[in-house]
Structures are given as C-alpha cells and as structure tokens.
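# Coordinates in review
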Amino acid sequence: MKILLLIDSLGAGGAQRQLVGLAVMLKKRGYDVIVATYHDNRFYVDTILDAGVPYVYLKEAHNMCKRIWAVAKYIRKIKPHYVISYLETPSIVASVAHIFNHKFKLIVSERNTTQKIGINEKIRFRLFRFADNIVPNAYTQAAFIAKNFPKLTNKTMTIANFVDTDYFCPIKHKRREIPKIVIAASIWLPKNTLGFIDAVKRLKDMGLRFHISWYGKTTSNIDYYNECIDKIKHLDVSDCIELLEKTKQIKNRYQEADFFILPSFYEGTSNVICEAMACGLPVACSNVCDNPIYVKNGVNGVLFDPHSAESMATAIATLLTIDDITYVAYCKNSRSLSEEKLSKEKFIESYIKLLKP
C-alpha cells in the first residue's frame, strides 16, 4: 500500500516530529511511504532519509497560487492509496484535491485545538466532509468537532501523540540546589513568553533561586522575540531566564534539567510535555486543553492559569520547593504516565486500523 504524508515543511515543529515518526513506523511495518512538503525547511529530512523514506519537495507548490494544483498533480502522478495530511493548510489543500480525485483515501490530522470559529475554520471543516477520516491529536479538539460540526463526528478519531520512550528516557543525577529548568517551545504569542517573564520576576522577588533555559528562537516572530528580550532586561531577570535557539539536542536538555515548564495559552497534545515526562521531569504547565490528562496536580507536577502571572508563579514556586522524597515520586510518576499513555505501539496501531486495503 502506497501512502503519501503531506505537511508544509520538515521544520523543527511538533507536528513535523510526529509526522516523521509516523513515516518511519509505517516504513518499518512494510508500507510504501513518501513524505512531501511545499516549503524547503529540512530540519528532519535526514531522519526520514536514514529510515529509507523518500522525501519530495514540491517546489511548484511553494507558490500559494499554484499550491492546490501542484499537490493535486503530484498525487495523480504517484497514485497513492492514502494521503495523510498534517496541519491546517496541507489538510485544506489535500481536501480540495480529493474533491476532484476520488481514487485515494484521505486522512486529515488536526494538530492543535481550535480557539474560535471564523471564516477559515468554517471553510476547513466543511472541506473535511470530503475526507475519509479526521484525526485530532487532542481529545479537546475531538470534542470541539463533535459540538460544532456534528456531521463529522462519525469520521473523527483521536490519536494522541507518541513518545519514543526508549530515546526519551531519564538519566540519574542529583537534584540541583539551584534548579535547572527547561522550556522547549517557539517564542511567540501563543506560547505566552511575555506573560511568563512576569511570572519569572515574581519568582525572583520571592527569593527563589533557579535558572530557566527556553529553547525556541526562530527566524520568524523576531519582533516578539526582541520584545521578550527587552522585557527581560527591563525586569532585571536575565540571571534567571535565557532565550535560546531551537535545538536538535533537546533530549539532552531534558535529561540535564530538574524541571520542565510550558506556559502556553492552548495546546493540542504537547510533544514537549510528553517528552519531558518520558525523561522523568516534574512538569508545571497551563491548565488548558489536554494538559490535565498528562500532568496531574500533586502527582507529577502542577497546573496553572496562563493568563495570570500570580497563578504561574505560585504554582511554579510550589513545584520548586517540594521535598526530595516528593521530587523523586514526581519523576517516577512522569515516566510511568508517559509509558502508559504515549507509546509508539498504541499510536501506530491506531493509524493502521484506519488504513483499509
């Protein structure tokens, strides 16, 4: 069976990481898999090529005006049995292509939670009537679809993200006197970097000692990044937090850390929370969307209101000051929850159930 996996690029994003993992797993199961993009960002290209999965950059489709035509032409050329699209625009493009070509089956994958219903959302979900299956990675998004687009409910199935728990695993180290905290998320408005800096100031004013490394700087959203840098200087917290480039060595950063934080306003299923848990880190994160499924107050971390600097600071202070016995329990619980809820086997078997000959 030939399967085309379509996404905008293979840049350093969570959706890209999941699609690459899906491609590799399908290849290992004997499927004929191709990955295609229409933006030439190659952060993960070596990963799929090393697994023997072909990669195609659809240069013509880089032009927005030609995108649907170019993707549809490529689909006609390779004649896949299935197209699996990740992210909103690729799924819209694939849905339009499917209207005029019923010779393949289409699985569209929702990688985030929809926060409002505007014209773009109405168009997208109406086009999804032409998909064979809709796969949100968050139960929150499945509930949103059921509530707002009930005719799509029967073709919707949640498949949560996977984590390679063999790769993302704990290493033993002594808890530091000055906690080392890691954040892995793009530095832009939805991830709440500016609001979080206010919480950092509150934590410093409480007299707490800590250091936060936020890995998420990219060439896009540079104005927001610069605003964050200015705020760090203005609040005099540069000794507490640094904003760094995204890194391919994120596993090592998790393993070197004592805690993980994610203050975003919304999520799908957060790759980085799941990976940090697999590495045995206690987590402080926003009480939004599917986060409470994975992070449990008093079990493996704390939840907070991302709209309140006080809520963030209070929750993080609670986490940073737990005793050593509780800390060890949180670490073990994070690892156990990741193994229970986020296995590769559960992920790939769920997709294979949808791939009918």
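A brief look at the structure comes next.

What counts and how
Residues numbered from 1 in each chain as written. Predicted model: local features only at pLDDT ≥ 70, side-chain atom pairs only at ≥ 80, totals over all residues. Heavy atoms only, no water. Helix = DSSP H or I, 4+ residues; strand = E, 2+ residues; numbered from the N terminus. Buried < 20%, exposed > 50% of the residue type's maximum accessible area, 1.4 Å probe, protein only. Contact = heavy atoms within 4.5 Å. Polar contact = N/O pair within 3.5 Å; in protein donor to acceptor, adjacent residues only side chain to side chain. Phe/Tyr/Trp six-rings, centres within 6.5 Å; stacked < 30°, edge-to-face > 60°. Lys NZ or Arg CZ within 6 Å of the ring centre and 35° of its normal. Salt bridge = Lys/Arg side-chain N within 4 Å of Asp/Glu carboxyl O. Pairing = 2+ DSSP bridges. Axes fitted to C-alpha atoms, helices over the stretch in contact; angles between N-to-C directions.

## Details of the environment of Ser91
Relative to the elements of secondary structure, Ser91 occurs in helix H4 (residues 88–99). Overall, the relative accessible area of 0% leaves Ser91 in the buried class. Measuring from C-alpha to C-alpha, the distance between Ser91 and Glu110 comes to 8.4 Å, with 19 residues separating the pair along the chain. Apart from residues no more than four positions distant in its own chain, Ser91 is found in contact with Ser85, Tyr86, Val108, Ser109 and Phe128. A distance of 2.9 Å separates a polar side-chain atom of Ser91 from the backbone oxygen of Leu87.

## Observations concerning the packing of aromatic side chains
How two aromatic rings sit relative to each other is given by the distance of their centres and the angle of their planes. Counting across every chain of the model gives twelve aromatic pairs. Taking 5.0 Å as the distance between ring centres and 80° as the angle between the ring planes, the aromatic pair formed by Phe43 and Tyr44 counts as edge-to-face. A relative accessible area of 12% means that Tyr44 is categorised as buried. An aromatic cluster is built from Phe125, Phe128, Phe144 and Phe149, whose rings are joined through pairwise contacts. Over the ring of Phe43 we find Lys248, and its NZ or CZ is 4.9 Å from the ring centre. Here the basic side chain of Lys251 rests over the ring of Tyr167, its NZ or CZ set 4.2 Å away from the ring centre.

## A closer look at the pattern of salt bridges
Applying the stated criterion to the full structure yields 20 salt bridges. One salt bridge in this structure joins Asp205 and Lys201, with 3.5 Å as the shortest N-O distance. Residue Asp205 and its partner Lys201 are located together in helix H7 (residues 193–205), separated by four residues, close to a single helical turn. The partly exposed category is assigned to Lys201, whose relative accessible area is 26%. Where Asp239 meets Lys204, a salt bridge forms, and the shortest distance between an N and an O atom there is 3.1 Å. Of the two residues, Asp239 sits in the loop between helix H8 (222–234) and strand S9 (241–245) while Lys204 sits in helix H7, which places them 35 residues apart along the sequence. Here the salt bridges share partners, and the residues they tie into one network are Glu88, Glu110 and Arg124.

## A short note on helix H14 (residues 344–354)
Those residues of H14 that sit buried are Phe347, Ile348, Ser350, Tyr351, Ile352 and Leu354. The inward-facing, buried residues of H14 abut helix H1 (14–28), strand S4 (82–86), strand S5 (105–110) and strand S6 (133–136).

## Description of the sheet that holds S9
Read across the open sheet, the six strands follow the order S9-S8-S7-S10-S11-S12; overall the sheet is parallel. In this open sheet, the two strands that pair with only one neighbour each are S9 and strand S12 (301–304). Averaged over neighbouring strand pairs, the angle between their axes works out to 20° when direction is ignored. The sheet contact formed by strand S10 (residues 259–262) and strand S11 (residues 283–286) spans three bridges and is parallel. Across the sheet, residue Ile261 finds its bridge partner in S11, namely Ala284. Set on the sheet, H7 makes contact with strand S7 (180–184), strand S8 (211–217), S9 and S10; between it and S8 the angle comes to about 170°. In the packing of helix H10 (residues 271–278) onto the sheet, the strands contacted are S7, S10 and S11, and the crossing angle to S10 comes to about 170°.

## A closer look at the side chain of Gln141
Its location among the elements puts Gln141 in helix H6 (residues 139–148). Among the polar contacts made by the side chain of Gln141, one reaches the side chain of Glu110 at a distance of 2.8 Å. Among all residues touching Gln141, those that are not within four sequence positions of it are Glu110, Asn112, Thr113, Thr114, Arg124, Phe125 and Pro136.

## A short note on the sheet that holds strand S2 (residues 32–37)
Reading across from one edge, S3-S2-S1-S4-S5-S6 is the order of the six strands in this open sheet, with parallel pairing throughout. Bordering the open sheet on either side are strand S3 (55–57) and S6, each of which pairs with just one other strand. Between one strand and the next, the sheet's axes are offset by a mean angle of 20°, whatever the strand orientation. Sitting on the sheet, H14 touches S4, S5 and S6, and the angle it makes with S4 is about 135°.

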